[in-house]
Amino acid sequence: MRRLFRFILRLAIILLLLSVGSVVLYRYVPVPVTPLMLKNAVGAAIKGEATTFHHDWVPMGEMSPHLVNAVIASEDQRFYSHHGFDWKEIGNAIEERKAGKRKRGGSTISQQTAKNVFTFCTSTWARKGIEAYYTLLIEWLWPKERILEVYLNSIEMGPHIYGAEAVAKHHFGKPAARLTRSDCALIAATLPNPKRYSSKRPSQYMRRRQNDILKQMQLMGK
């Protein structure tokens, strides 16, 4: 029992050091690839599809400031005031599920960043626990601007397209720095399901979402 306890303790310490070390590293170093990218590439290979993906890291200063406003307006309006978890939004999501309404997520930008960069995105309680752990770590060790920078560089924005620069080039024919306010609202409108919704060929529903986000951006600006 003592040997088993020592083994478990050593393993826990190693895992702790590795997790903290990776979070510290990614505070300063661009994230080259994420588990989500690898998972989707493997899934494509199994289906016999192309496994290449588009991902061009750019610093925050080379992105349109409208994109930051758009994703905060659409995904996490209390981003700068919470510490990783928006308990009000989580409570609203739970109440809506109890009422039998359409399910919606209560995840913050911090949680989505932790999920995409540090976990394999399977719907299990174990993954949720790991996601929560990494959410606390990045909120503790990264400034809010770094969380946004990693999020905007790693999140899926279309089939095999990850990050602001890739979607700007492939869907709008321009770098991320030149995206307009309208472009950014359209990109943000796809984020609930970028495989289903396209910023390159937006539907009428997408246009309505885009207009709603533009209005939210205006209200936030005020």
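Please refer to the structure placed before this passage.
Since this is a predicted model, take the numbers as computed values, not measurements.

S.K.: Break down the overall build of the protein for me, with residues and values.
M.R.: Across its full length, the protein carries 10 helices and three strands. When the helices and strands of the protein are read in sequence order from the N terminus, they spell out α-α-β-α-α-α-α-α-β-β-α-α-α. Taken over the C-alpha trace, the protein has a radius of gyration of 18 Å; the compact-globule value for 222 residues is 17 Å, and the two agree within 12%. When its C-alpha atoms are laid out on the principal axes, the protein stretches across 65 × 40 × 35 Å. Taking all 222 residues of the protein together, the buried fraction comes to 43%.

S.K.: Give a description of the packing of helix α9 (residues 181–190) against helix α10 (residues 204–221) that names residues and reports values.
M.R.: Axis angle and axis distance: for two packed helices, these are the angle between their axes and the distance between the axes, and together they describe the pair. Between α9 and α10, the shortest axis-to-axis distance is 8 Å and the interhelical angle comes to 115°. By crossing handedness, the relation of α9 to α10 is classed as right-handed. For the pair formed by α9 and α10, the contact residues are Arg-181, Ser-182, Ala-185, Leu-186, Ala-188, Ala-189 and Thr-190 on the first element and Met-206, Arg-207, Arg-209, Gln-210, Ile-213, Leu-214, Met-217 and Gln-218 on the second.

S.K.: Describe the layout of surface pockets, and please don't skip the residues or the numbers.
M.R.: A volume near 170 Å³ is recorded for the second largest pocket. What lines the second largest pocket is Asn-40, Gly-43, Ala-44, Lys-47, Glu-49, Glu-156, Pro-159, His-160, Tyr-162 and Lys-195. In terms of residues, the lining of the second largest pocket owes the most to one element, helix α2 (residues 35–46), which gives three residues. Residues of the lining of the second largest pocket, tallied by class, amount to three nonpolar, three polar and four charged.

S.K.: Can you explain unusual backbone geometry? Please cite residues and give values.
M.R.: Note: most peptide bonds trans; most residues except glycine with negative phi. A positive phi angle, close to 65°, is found at His-160, a residue other than glycine. If you trace the backbone, His-160 turns up in the loop between β2 (156–158) and β3 (161–162). The exposure class of His-160 is partly exposed, given its relative accessible area of 25%.

S.K.: Could you give an account of the environment of Ile-8, naming the residues involved and the relevant values?
M.R.: As for its placement among the helices and strands, Ile-8 is situated in helix α1 (residues 2–28). Each C-alpha atom, one on Ile-8 and one on Arg-146, is 33 Å from the other, the two residues being 138 residues apart in sequence.

S.K.: Hey, could you go over the nonpolar core for me, with residue numbers and the actual values?
M.R.: Counting 48 residues, the largest nonpolar core has Val-23, Val-71, Ile-109, Phe-118, Trp-142 and Leu-152 as its most contacted members. At the level of secondary structure, the elements contributing two or more residues to this core comprise α1, α3 (65–75), α5 (109–118), α6 (125–141), α7 (144–154), α8 (164–172), α9 and α10. Setting aside residues no more than four positions away along its own chain, Val-71 makes contact with Asp-76, Ile-109, Tyr-151, Leu-152, Ala-188 and Leu-191.

S.K.: Can you break down the sheet that holds β3 residue by residue, with the values?
M.R.: Taking strand neighbours across the sheet as the criterion, the three strands line up as β1-β3-β2 in an open arrangement whose pairing is mixed. With partners counted over all chains shown, the strands left at the sheet margins are β1 (54–55) and β2, one partner each. Where β2 meets β3, two bridges bridge the pair, whose relative direction is antiparallel. Paired with Glu-156 across the two strands is Tyr-162, which belongs to β3.

S.K.: Can you break down the packing of α3 against α7 residue by residue, with the values?
M.R.: Closest axis-to-axis distance for the α3/α7 pair is 11 Å, and the angle between their directions is 90°. Here α3 is positioned roughly perpendicular relative to α7, judged by the angle of their axes. Residue-level inspection shows Leu-67, Val-68, Val-71, Ile-72 and Glu-75 of α3 in contact with α7, the latter providing Leu-148, Tyr-151 and Leu-152. Each residue belonging to the contact of α3 with α7 can be placed in one class, and the counts come to seven nonpolar, no polar and one charged.

S.K.: Tell me what's going on with the pattern of salt bridges, and back it up with residues and numbers.
M.R.: Enumeration over the complete set of coordinates arrives at six salt bridges. Between Asp-86 and Arg-78 there is a salt bridge, and its shortest N-O distance comes to 2.9 Å.

S.K.: Give a description of a nonpolar patch on the surface that names residues and reports values.
M.R.: On the surface, Met-1, Leu-4, Phe-7, Ile-8, Leu-11, Ile-14, Leu-15 and Leu-18 cluster together into a nonpolar patch covering about 880 Å² of accessible area. Structurally, Leu-4 is set in helix α1.

S.K.: Give me the lowdown on a positive patch on the surface, citing residues and values where you can.
M.R.: A grouping of Arg-2, Arg-3, Arg-6 and Arg-10 is seen on the molecular surface, where their side chains present a positively charged patch. As for its placement among the helices and strands, Arg-10 is situated in helix α1. Residue Arg-10 is classed as exposed on the basis of its relative accessible area of 59%.

About the cut-offs
Residues numbered from 1 in each chain as written. Predicted model: local features only at pLDDT ≥ 70, side-chain atom pairs only at ≥ 80, totals over all residues. Heavy atoms only, no water. Helix = DSSP H or I, 4+ residues; strand = E, 2+ residues; numbered from the N terminus. Rg over C-alpha atoms; globule rule 2.2 N^0.38 Å. Buried < 20%, exposed > 50% of the residue type's maximum accessible area, 1.4 Å probe, protein only. Axes fitted to C-alpha atoms, helices over the stretch in contact; angles between N-to-C directions. Left-handed = near helix turned anticlockwise from the far one by under 90°. Contact = heavy atoms within 4.5 Å. 1 Å grid on protein atoms, 1.4 Å probe; cavity = no way out; pocket = protein on both sides within 12 Å on 5 of 7 lines; lining within 4 Å. Points joined across faces, edges and corners; volume = space filled by probe spheres on them. Nonpolar A, V, L, I, M, F, W, Y, C, P; charged D, E, K, R; others polar. Core = buried A, V, L, I, M, F, W, Y, C linked by side-chain atoms within 4.5 Å. Pairing = 2+ DSSP bridges. Parallel < 35°, antiparallel > 145°, perpendicular 65-115°, else oblique. Salt bridge = Lys/Arg side-chain N within 4 Å of Asp/Glu carboxyl O. Patch = residues over 30% accessible without salt bridge, like charges linked within 9 Å, V, L, I, M, F, W, Y side chains within 5 Å. Areas by Shrake-Rupley, 256 points an atom, 1.4 Å probe, with all protein chains shown as cover. Lys, Arg positive; Asp, Glu negative; His and termini not counted. Charge placed at Lys NZ, Arg CZ, Asp CG, Glu CD.

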